[in-house]
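The lines below spell out each chain.
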Amino acid sequence: MTDPRIVPERPELGPRPHLGYTASAIDRAADRRNDDAALAKFLQDDRAGGYVVGGELVVMKLRGEDIDPLFSPAEAAALGGGRETIFLGLAGEAPRFGFGFGLDPASIDQLKARNDLKITDLRSIAVQGLVDTAHLPPLAEAKALIGWHARHRFCPNCGTPTRVVQGGWRRDCPSCKAEHFPRTDPVVIMLAIAGERCVLGRSPRFAPTMWSALAGFAEPGETIEEAVRREVLEEAGIRCGKVTYAMSQPWPFPSSLMIGCHAQALSDHIVIDRSEIEDARWFSRDELALMLGRRHPGGLTTPPPVAIAHHLIRSFVEDGCHVLD
Ligand SMILES: [Zn+2]
């Protein structure tokens, strides 16, 4: 029994890190998407720059140690394999684009062999801090949209090839006239909390020391709160009551929106669904503080600050069950 007179000390974790892919400085200028003349002029603008994305890979310019993810439209075209050009918006006055590439493995190997290019996946770019964090939100925007185009070349209504309109923000079917819009898939990610403890789980895909928040797709016909309660019950057998929203994060793998929540656990006994997760257990705030600070005696870790789970855990470590207020 914890002595109620002892108030746990708020651990000193330093300034809160930035949450990856958030706080975009891009003005999406949606009113220009329908203006083909304006878009053509933007592509001719000396300040125009775009991100080159093909599947999971991002192509960037390498100059010595410096990595620059922005290509001029002409530089992007010179790489070959160009598909969609998507208008992302304006960075100040500078037009920003996503250049979708359909590169075959041989072409990718050829580009990878060049010493003036760096080609890697967006997760690595974010976790390793390869580019200025200001590039991460438009890279996420570009990757999610380009991925959507790659998977929606045909009308789901009648099967006819669709065409890109609205600067890449819609695909229209010339046959049945259906209009198709880019999709975002909501994912709930949450900590179930009881007093000074919360539940974390492990996926077999994780690094062996890492534990994270439980998560899952919200299903059709379900509120965020219902999705949180269902996922925690399915994966860990814990019933939850009150659910509070904490923060959200675009997660373009391929097109998710992570909705971060805290939930009040109403039961204690964990029953793990091994088809979903490898393990789950309760963690105290003290143990979580050691994990966040990379000082855990058993070497256990949380996800890095680029991921929303890090921030949900940190909020709980700092504010305790007040996250449920
Ligand atoms: Zn159609």
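Below, the structure is looked at part by part.

Procedures and definitions
Residues numbered from 1 in each chain as written. Predicted model: local features only at pLDDT ≥ 70, side-chain atom pairs only at ≥ 80, totals over all residues. Heavy atoms only, no water. Pairing = 2+ DSSP bridges. Helix = DSSP H or I, 4+ residues; strand = E, 2+ residues; numbered from the N terminus. Buried < 20%, exposed > 50% of the residue type's maximum accessible area, 1.4 Å probe, protein only. Arc of directions from axis to C-beta. Contact = heavy atoms within 4.5 Å. Phe/Tyr/Trp six-rings, centres within 6.5 Å; stacked < 30°, edge-to-face > 60°. Lys NZ or Arg CZ within 6 Å of the ring centre and 35° of its normal. Salt bridge = Lys/Arg side-chain N within 4 Å of Asp/Glu carboxyl O.

## A few points about the pairing of strand S2 (residues 57-63)
- Both strand S1 (residues 49-54) and S2 contribute to a ladder of three bridges, which runs antiparallel. Bridge assignment links Val 53 to a residue of S2, and that residue is Val 58.
- Connecting S1 to the next strand, S2, in antiparallel fashion are two residues, including Gly 55 with a positive phi near 60°.
- As defined by bridge partners, S2 adjoins strand S6 (residues 117-121) across five bridges and the pair is classed as antiparallel.

## Focus on helix H1 (residues 36-44)
- Listing the buried residues of H1 in full gives Ala 38, Leu 39 and Phe 42. What you see down the axis of H1 is that its buried residues fit within an arc of 100°, all on one side. Turned more than 90 degrees away from the buried face of H1, the exposed residues are Asp 36, Ala 37, Lys 41 and Gln 44.
- In the core, the buried residues of H1 are packed alongside strand S4 (82-91) and strand S5 (94-101).

## As for the packing of aromatic side chains
- On inspection of all chains with the given rule, the structure shows seven aromatic pairs.
- Between the aromatic rings of Tyr 21 and Trp 251, the centroid separation amounts to 5.7 Å while the plane-to-plane angle is 75°, which identifies the pairing as edge-to-face. In this pair, Tyr 21 is assigned in the segment before H1 and Trp 251 in strand S13 (residues 240-251), connecting sequence segments 230 residues apart.
- Its relative accessible area of 4% is what places Tyr 21 among the buried residues.
- The interplanar angle of 65° and the centroid separation of 6.1 Å between the aromatic rings of Tyr 21 and Phe 253 together place this pair among those described as edge-to-face. Of this pair, Tyr 21 sits in the segment before H1 while Phe 253 is found in the loop between S13 and strand S14 (256-265), placing the two residues 232 residues apart along the sequence. For the pair Tyr 21 and Phe 253, a shared accessibility class is recorded, and that class is buried.
- Each residue in the set Phe 42, Phe 87, Phe 97 and Phe 99 is aromatic and connected to the rest through ring pairs, giving one cluster.
- Against the face of Trp 282 rests Arg 197, its NZ or CZ located 4.5 Å from the ring centre.
- Above the face of the Trp 211 ring, Arg 281 is positioned so that its terminal group lies 5.5 Å from the ring centre.

## Examining the pattern of salt bridges
- In this structure the tally under the stated criterion is 21 salt bridges.
- Close ionic contact of Arg 47 with Asp 45 constitutes a salt bridge, the shortest N to O distance being 3.0 Å.
- A relative accessible area of 44% places Arg 47 in the partly exposed class.
- A salt bridge links Arg 153 to Glu 84; the nearest nitrogen and oxygen atoms lie 2.8 Å apart. In this pair, Arg 153 sits in the loop between helix H5 (136-151) and strand S7 (163-165) while Glu 84 sits in strand S4, placing the two residues 69 residues apart along the sequence.
- Beyond isolated ion pairs, a larger network of salt bridges with shared partners links Glu 219, Glu 222, Arg 230, Glu 231 and Glu 234.

Everything listed is a geometric property; what it means functionally is a separate question.
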